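# Structure at a glance
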Amino acid sequence: MEDLPNNWADIQADTVYLSMSGLLISFASEQIKLGIKYDQNGKHLKAIEKGQVPTRRTVLVPSQEEGYELKSKVLGKGGDRRFHAKFIDGVLHFPGWITEH
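Since we're looking at a predicted model, the values are computed, not measured. Along each chain, residue indices are assigned from 1 in the same order as the chain's sequence is written. At least 70 in pLDDT is required for a residue's local features to be given in this predicted model, at least 80 for side-chain atom pairs to be given and counted, and no such filter applies to totals for whole chains, interfaces and linings, which use all residues. No hydrogens and no water enter the side-chain calculation; it runs on all heavy atoms of the structure.

With a 1.4 Å probe rolled over the protein chains alone, any residue whose accessible area is under 20% of its type maximum counts as buried; one over 50% counts as exposed, and the rest are partly exposed. In DSSP terms, a helix is any run of H or I states spanning at least four residues, a strand is any run of E spanning at least two, and both are numbered starting from the N terminus. Those residues of helix α1 (residues 29–38) not exposed but buried are Q31, I32, L34 and G35. Seen end-on, α1 carries its buried residues on one side only, within an arc spanning 160°. Seen from the open side of α1, the exposed residues pointing more than 90 degrees away from its buried face are K33 and K37. Any two residues whose heavy atoms approach within 4.5 Å are treated as being in contact. Summarising the contacts, the buried residues of α1 are in contact with β3 (24–27), β6 (81–88) and β7 (91–100). The arc in question is traced by the directions running from the helix axis to the C-beta atoms.

Another point: the packing of aromatic side chains. Between 30 and 60 degrees the pair is tilted, below 30 it is stacked and above 60 it is edge-to-face, where a pair is any two Phe, Tyr or Trp rings, Trp via its six-membered ring, whose centres lie within 6.5 Å. If you walk through the whole model with that rule in mind, you get four aromatic pairs. Pairing W8 with F83 gives two aromatic rings, centres 5.8 Å apart and planes at 75°, and the pair type is edge-to-face. With W8 in the loop between β1 (2–3) and β2 (17–18) and F83 in strand β6, this pair connects stretches of sequence that are 75 residues apart. In terms of burial, W8 and F83 fall into one category: buried. For the ring pair F27 and F94, a centre distance of 5.3 Å and an interplane angle of 20° mean the geometry is stacked. A residue pair is termed long-range when its members are at least 10 positions apart, and F27 in strand β3 and F94 in strand β7 qualify at 67 residues. Assessed through its relative accessible area of 0%, F27 is described here as buried. Taken together, the ring pairs in this structure connect W8, F27, F83 and F94 into an aromatic cluster. K86 extends its terminal NZ or CZ atom over the ring of Y68, reaching a point 5.0 Å from the ring centre. Lysine NZ or arginine CZ positioned within 6 Å of the ring centre and within 35 degrees of the ring normal marks a charge as sitting over the ring.

Attention shifts here to the environment of I36. Note that I36 resides in helix α1. Taking the C-alpha atoms as reference points, I36 and W8, separated by 28 residues in sequence, lie 5.7 Å from one another. When sequence neighbours within four positions are dropped, the list of residues in contact with I36 reads W8 and A9.

In structure tokens form, the structure reads like this:
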């Protein structure tokens, strides 16, 4: 299993990656396009890499969107959007659903 890449351009759609927090993660091609467009500094990828931790930093937090379990939370520049994900067969999948705050 491959580790999660550090930038969106290196991510392959529907490939399962292993985060440093032990989560299995995959991304739809639409999510990769949104990441390239809105996350040039990779802050959302860093949040996804860290997983859920009890802090107010850049991390994954529960999503309030119906049908989604987690969302990325980014502080500072780039923090106005959230990338939402849901678990599919034990893999946290980011299909390309994005919201503002």
